[in-house]
Every structure is written in C-alpha cells, then in structure tokens.
Amino acid sequence: MTKLINILNKIIEVVMVVLIAAMVCGNFWQIFTRFILNNAASWTEEFLRYALIWLTMLGVPYAYSKNKHIAIEFVADTYSPKAKIVNQIIIEALVLFVACFVMIGGGIMVTLNALGQTSPALGMPMQFYYLGVPVCGILLVIYTIPRLIEQIKAIRNS
C-alpha cells in the first residue's frame, strides 16, 4: 500500500506543478492582454478559477498524506499515549466518513447534476470541474484507510 501511496503522491505532485505553471502563465497572459493590449482575454479568469479548484482538490489529500494539515495539537499533547491513539482513530474515522459520504457521494451527485452544462468562457463540460470533489474524496479514502489500520494496530499493541 505504501508503494501505491508513493506513486499517487508523485502523480499528484506532477499534476499540481503543471497546474501551478499553467496558472502562472494564464495570469501573465491576463495581465498582458488587459494592460498592454487593452483587450482582456475572456477565458483566463475562468481557467484560473477552475485550475485553483482542481489544485485545491488535489492538494487536500496530498497534504493529508504527508501529515501537513493544520492541527491543533496542544490539547492532544495533554493526552496519555493510548488516548492520543484513540483520538487519532476518531479523527481518521471522521475523515473517512466525510470523504465517503460528503465528498464522494455528494460530489457524484453534483457532477451528475451538471450533465449537459458547459462553462461560459471555455465551453468545457461542467462535470469536469465538479469531478474534482469526488476525486479528492477517493484520494482521501485511499490515504485514510492505511492510516486507520495502522492506528488500530497501534491501539491493540499498547
């Protein structure tokens, strides 16, 4: 499972770097067309908005896999070692619940509701933009299950 997670992280890293580079280029193009050509490109704002959405939807599980999300640990630091593990199990279970029911379930519903709609400037199917939510949920599930199993093993061994 660790090998799969490492491969997923590498893929996500590459996609995020490409998205950031494309966003920088799009932003420069927007500035150039607006202030130099006095005729702003109509597609750049929409592209940047949806690229940021996808960047966020990929960045959330990536940061989660690296354990880099913001955490309030001063309360958990007062717990005993066993209580810390129980606390982590509860957190992982909540993340799994939200990923499955809110992000995957809700994301699929929103994506299906967008069938037949296209974005105004780029003319792309709106399902492509909304698909980021269930993709994020699936990635979170992939990252959460091994962590949850690891914590359950840790509680059994303590």
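All values reported here derive from a predicted model rather than from experimental measurement. (Residues numbered from 1 in each chain as written. Predicted model: local features only at pLDDT ≥ 70, side-chain atom pairs only at ≥ 80, totals over all residues. Heavy atoms only, no water.)

Caption draft 1: Molecular detail of the overall build of the chain. Scanning the chain from N- to C-terminus turns up 6 helices and 0 strands. Each helix and strand of the chain, placed in order from N terminus to C terminus, yields the pattern α-α-α-α-α-α. Relative to the compact-globule value of 15 Å for 158 residues, the chain shows a C-alpha radius of gyration of 20 Å, a clear excess of over 25%. For the chain, the C-alpha atoms occupy an extent of roughly 65 × 35 × 30 Å along the three principal directions. Looking at the chain as a whole, 33% of its 158 residues are labelled buried. Here the analysis covers contacts within the chain between residues at least 6 apart in sequence; of these, 74% occur between residues at least 24 apart. Taking the average location of the 11 positive side-chain charges in the chain and that of its 7 negative ones, the two points are 7 Å from each other. (Helix = DSSP H or I, 4+ residues; strand = E, 2+ residues; numbered from the N terminus. Rg over C-alpha atoms; globule rule 2.2 N^0.38 Å. Buried < 20%, exposed > 50% of the residue type's maximum accessible area, 1.4 Å probe, protein only. Contact = heavy atoms within 4.5 Å. Lys, Arg positive; Asp, Glu negative; His and termini not counted. Charge placed at Lys NZ, Arg CZ, Asp CG, Glu CD.)

Caption draft 2: Representation of the nonpolar core. Within the largest apolar cluster, 27 residues are counted, with the highest numbers of intra-cluster contacts made by I12, M16, L19, L58, L139, L140 and Y143. Mapped by element, the contributors of at least two residues to this core are helix 1 (2–36), helix 2 (44–65), helix 4 (81–113) and helix 6 (132–157). At 8 residues, helix 2 tops the list of elements feeding residues into this core. (Core = buried A, V, L, I, M, F, W, Y, C linked by side-chain atoms within 4.5 Å.)

Caption draft 3: Up close: the side chain of T111. Along the chain, T111 falls in helix 4. Reaching out from T111, the side chain makes a polar contact with the backbone oxygen of G107 at a distance of 2.7 Å. Not counting residues up to four positions away in its chain, the partners in contact with T111 are Q127, Y130, L131 and P134. (Polar contact = N/O pair within 3.5 Å; in protein donor to acceptor, adjacent residues only side chain to side chain.)

Caption draft 4: Looking closely at helix 4. With 33 residues, helix 4 extends 46 Å from end C-alpha to end C-alpha; this agrees with the ideal 48 Å at 1.5 Å per step. At A99, helix 4 shows its largest kink, close to 30°. The complete set of buried residues in helix 4 reads I85, I89, E92, L96, A99, M103, I104, G107 and T111. Close packing links the buried residues of helix 4 with helix 2, helix 5 (126–130) and helix 6. (Expected span 1.5 Å × (residues − 1). Bend = angle between axes of the 7 residues up to and from the residue.)

Caption draft 5: Structural detail: the pattern of salt bridges. Counted by the stated rule, this structure contains 3 salt bridges. Across the salt bridge formed by E13 and K10, the nearest N and O atoms sit 3.7 Å from each other. With a gap of 3 residues between them, E13 and K10 both fall in helix 1, about one helical turn apart. A residue is classified by how much of its surface remains accessible, and K10, at 55% relative accessible area, is exposed. Among the salt bridges present, the one from R49 reaches E45, with a minimum N-O distance of 3.4 Å. Taken as a pair, R49 and E45 lie in helix 2 at a separation of 4 residues, close to a single helical turn. The class of R49 is partly exposed, set by a relative accessible area of 41%. (Salt bridge = Lys/Arg side-chain N within 4 Å of Asp/Glu carboxyl O.)

Caption draft 6: Just the side chain of T44, in detail. Tracing the chain through its elements places T44 in helix 2. You can call T44 buried: its relative accessible area is 0%.

Caption draft 7: Layout of unusual backbone geometry. Non-glycine residue N38 carries a positive phi angle of around 55°. The topology assignment puts N38 in the loop between helix 1 and helix 2. Despite not being glycine, N67 has its phi angle at roughly 60°, a positive value.

Caption draft 8: Examining the packing of helix 1 against helix 2 more closely. Closest axis-to-axis distance for the helix 1/helix 2 pair is 9 Å, and the angle between their directions is 155°. The angle between the axes of helix 1 and helix 2 places the two elements in the roughly antiparallel class. For the element pair helix 1 and helix 2, the recorded crossing hand is left-handed. Per-class residue counts for the contact of helix 1 with helix 2 are 16 nonpolar, 7 polar and 2 charged. (Axes fitted to C-alpha atoms, helices over the stretch in contact; angles between N-to-C directions. Parallel < 35°, antiparallel > 145°, perpendicular 65-115°, else oblique. Left-handed = near helix turned anticlockwise from the far one by under 90°. Nonpolar A, V, L, I, M, F, W, Y, C, P; charged D, E, K, R; others polar.)

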